[in-house]
Amino acid sequence: MKHTIALCLLLLTAHAAAAQFDCIYRDIITVYSTNGDYCARATPYYNFDLSPYGKTEVFNTRTNQLLYTIPECLSKGFLFLSNDGASLLHLVNLEYKSYEEAFSHVLTLYQNGTKAKQVSLRELTSCDGCEEVSSLFFRIKDTVVYEEGRLKRKYCEQALHKRPACIIGDTVLLCTANRLLLKIFLPTGDITSQPFDTSCCALMSQTPSPRIDTVKFSCPRGYVRVDGYDSGEEALAKKLGMVPQGDTWYPRYKYYYVKMLLRIDRQGKATIMRMNNRDSLPEERLRKVVADMTFYTDNFPEGVDYWYQKLFGTMRKRNRFVARREGKIEQAKEQAAYQRRLVADSIDGIYIPRNLEESFHFLDTMLHAETISLIRSLPDRKAMSEFHFVLGMWLRNNWGFWAGSRFQQYFVQRGVNHPDNMSGILLEYYYDYLHGSHQGWRTFDATLPPTPSATPDK
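All residue numbers refer to positions counted from 1 along the written sequence of the respective chain. Given that the model is predicted, a residue must reach a pLDDT of at least 70 before its local features are reported, and side-chain atom pairs must reach 80 or more before they are shown or counted; all residues, however, enter totals for whole chains, interfaces and linings. Only hydrogens and water are set aside when side-chain values are computed; all heavy atoms of the structure are taken into account.

S.K.: Any chance you could break down the overall build of the protein for me, citing the residues and the numbers?
M.R.: The secondary structure content of the protein amounts to 13 helices and 21 strands. Exposure is judged per residue with a 1.4 Å probe applied to protein chains only, and the accessible area is read against the type maximum: over 50% gives exposed, under 20% gives buried, and values in between give partly exposed. With 458 residues in all, the protein has 47% of them scored as buried. By element, 50% of the accessible surface of the protein is carried by carbon and sulfur atoms, the whole surface being about 23,600 Å². Each helix is a run of DSSP H or I of at least 4 residues and each strand a run of E of at least 2, with the numbering of both proceeding from the N terminus. Each accessible area is a Shrake-Rupley estimate made with a 1.4 Å probe; only the visible protein chains count as cover when residues are assessed.

Now the structure itself:
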């Protein structure tokens, strides 16, 4: 719990490389061995920034002969190739995760295209889950300060911080987050370690980087325009005999939702790789409908054998009376779930405070000391608005300010009805609490609207 909320502050100015986002362009990365005789080319098959979907091919640069292919795109993190082309090392920071496929190992060694060794973060660094060593690569903790009316991240500049791994011959040197210097010998996969010092930093910063070539290409777009339909959602719904949601939501209807990850070949035929069929639509029928679709692949990039594309569908029954009857049943279930949330002491495994004072105590334990120190350094309580889209968002989403909770009702009873206002008041009063000012929040806590008196019978 503590570390979940601690990430809120980091999200304020998170590194783009550690984020998951839909890209307009992707890169084909080619990494060369130190002697230049071999190269590894990583080609992505997916338009999301962090994904292993794709291929990595190793070539003899003198003859341009393909030696072997690994069915993963290893372009993220660090990639090192031995001088005989047989060994390929992939290092991934724990930050590098994909919503589609998480890299469960931070170190993977391939020998002639086959995984020969994999090591997890815990095995490599003895990480126990604490934030200080929750990533593989060494980094200097940047500081966040309040300047010119806003929170700003102060970046620390150091060569080792930017390039924590290098290769000398067939030996990869890696500085880990827990300040170890690892030496990884590519031909055997042997790993030795020692504490790193200033001499290690000097050695790594002076070691030339291996040659890396980058080719940028536009991600294929327009795949959802299939078989003459304007969107994949429309095609999916109509082929299932249903009505797509489109741009308008009618709460009185019951809507069925499905999300799929498709693999599309160069002929435009799709295969469902993964499916979230939340409302139990006929699965065999879904697979047949997708198999019958033909996707446009005119802008398929050269060298890409497949492309992975998400397809969403939100649809209702074609008969309006049936869809409305199902909608009433769905609304009754949602209302019952909402009422249960209003009295629950925890929701989705997260404890829901009863009042402001209890929430302050939980924030004291959940937030890191650096975050609390930053809040104490702010010039006034209005500066807490800087946390609206970080810590405030976590509060709104996890303490039920939007979907209902006993803490939400605590605010409603005191005349605060909008979730943004709830989190804003909470953050400002938490500022007061940390600065030893308790009268304001205690007055708010004790203030309740008057209960209407019963009208006497006449």
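Still more to cover.
S.K.: Mind laying out the pairing of strand E7 (residues 107–111), listing which residues take part and the relevant values?
M.R.: Of all five residues in E7, five are buried; the element is thus mostly enclosed. Going residue by residue along E7, you find Leu107, Leu109 and Gln111 tucked away on one face and Thr108 and Tyr110 tucked away on the opposite face as well. Paired strands are those between which DSSP finds at least two bridges. The sheet contact formed by strand E6 (residues 87–91) and E7 spans five bridges and is antiparallel. Pairing of Ser87 across the sheet is with Gln111, part of E7. Bridging between E7 and strand E8 (residues 114–119) involves five bridges; their strand directions are antiparallel. Directly across from Thr108, in E8, lies its bridge partner Gln118. Hairpin connection from E7 to E8: two residues lie between these consecutive antiparallel strands, with Asn112 at a positive phi of about 55°.

S.K.: Lay out the nonpolar core with the relevant residues and their values.
M.R.: Definition of nonpolar core: a set of buried residues of the types Ala, Val, Leu, Ile, Met, Phe, Trp, Tyr and Cys, connected through side-chain atoms within 4.5 Å. Membership of the largest hydrophobic core comes to 38 residues, with the highest contact counts inside it found for Leu356, Phe387, Trp399 and Phe411. Of all the elements in the fold, those that place two or more residues in this core are helix H8 (356–366), helix H9 (369–377), helix H10 (391–398), helix H11 (406–412), helix H12 (419–434) and helix H13 (439–446). Looking at which element gives the most residues to this core, the answer is H12, with eight residues. Trp399 has contacts with Ile350, Tyr351, Ile352, Pro353, Ser359, Phe362, Leu363, Met366, Trp394, Ser405, Phe407 and Leu426, leaving out every residue within four places of it along the chain. The next biggest cluster of nonpolar side chains, apart from the first, holds 21 residues, and it includes Ala237, Val290, Met293 and Leu311. Contact between two residues is taken to exist if any of their heavy atoms lie within 4.5 Å; hydrogens are not considered.

S.K.: Can you break down the sheet that holds strand E16 (residues 242–244) residue by residue, with the values?
M.R.: Ordered in space as E16-E19-E17-E18, the four strands form an open sheet in which the pairing is antiparallel. Taken across any chain shown, the strands that pair with only one partner, and hence form the sheet edges, are E16 and strand E18 (270–276). Across the sheet, the mean angle separating the axes of adjacent strands is 40° when strand polarity is ignored. Bridge count between strand E17 (residues 256–265) and E18: six bridges; the pairing is antiparallel. Of the residues in E18, the one forming a bridge with Leu261 is Arg274. Taken strand by strand, helix H5 (residues 232–239) contacts E16, E17 and strand E19 (306–317), and its axis lies near 55° from that of E19. Lines are fitted to the C-alpha atoms to define the axes, a helix being fitted only along its stretch in contact, and any angle between axes, read from their N-to-C directions, falls within 0 to 180 degrees. The sheet strands contacting helix H6 (residues 283–292) are E17 and E18, and the helix crosses E18 at an angle near 145°.

S.K.: Could you give me a rundown of the packing of H9 against H12, with the residues and numbers involved?
M.R.: Across the interface, H9 lies against H12 with an axial gap of 9 Å and an inter-helix angle of 90°. As far as their axial angle goes, H12 and H9 are roughly perpendicular. Touching Ile372, Ile375 and Arg376 of H9 are Tyr430, Tyr431 and Leu434, all from H12. In what follows, roughly perpendicular refers to angles from 65 to 115 degrees, roughly parallel to angles under 35, roughly antiparallel to angles over 145, and oblique to any angle outside these ranges.

S.K.: So what's going on with the environment of Arg122? Which residues, and what values?
M.R.: Considering the arrangement of structural elements, one finds Arg122 in helix H2 (residues 121–125). Separated by 14 residues in the primary sequence, Arg122 and Leu136 have C-alpha atoms spaced 9.4 Å apart.

S.K.: Which residues make up the environment of Lys317, and what are the values?
M.R.: Following the sequence through the fold, Lys317 ends up in strand E19. We classify Lys317 as partly exposed; its relative accessible area is 29%. Taking the C-alpha atoms as reference, Lys317 lies 7.9 Å from Lys254; in sequence the two are 63 residues apart. For Lys317, the residues in contact, after removing those within four places along its chain, are Met242, Val243, Tyr256, Val322, Ala323 and Glu326. Any pair of nitrogen or oxygen atoms within 3.5 Å is treated as a polar contact; in protein, a donor-acceptor pairing is required on top of that, and neighbouring residues in sequence qualify only through side-chain atoms on both sides. At 2.8 Å, the side chain of Lys317 and the side chain of Glu326 are in polar contact.

S.K.: Break down the confidence of the model for the protein for me, with residues and values.
M.R.: Per-residue confidence for the protein gives a mean pLDDT of 85, with 85% of residues at or over 70. pLDDT gives the predictor's per-residue confidence on a scale running from 0 to 100. Throughout residues 2–21 the model reports pLDDT below 50, and contacts reaching past four residues in sequence, or to other chains, amount to 53 contacts. Note on residues 129–133: pLDDT under 50 across the span, and 15 contacts to partners over four residues away in sequence or across chains.

S.K.: Which residues make up the pattern of salt bridges, and what values do they have?
M.R.: Note on definitions: salt bridges are taken to be side-chain nitrogens of Lys or Arg within 4 Å of carboxyl oxygens of Asp or Glu. Considering all chains together, one arrives at 18 salt bridges under this definition. Residue Arg396 is joined to Asp420 by a salt bridge in which the shortest nitrogen-to-oxygen separation is 3.4 Å. A residue pair is termed long-range when its members are at least 10 positions apart, and Arg396 in helix H10 and Asp420 in helix H12 qualify at 24 residues. With relative accessibility at 5%, the residue Arg396 sits in the buried group.

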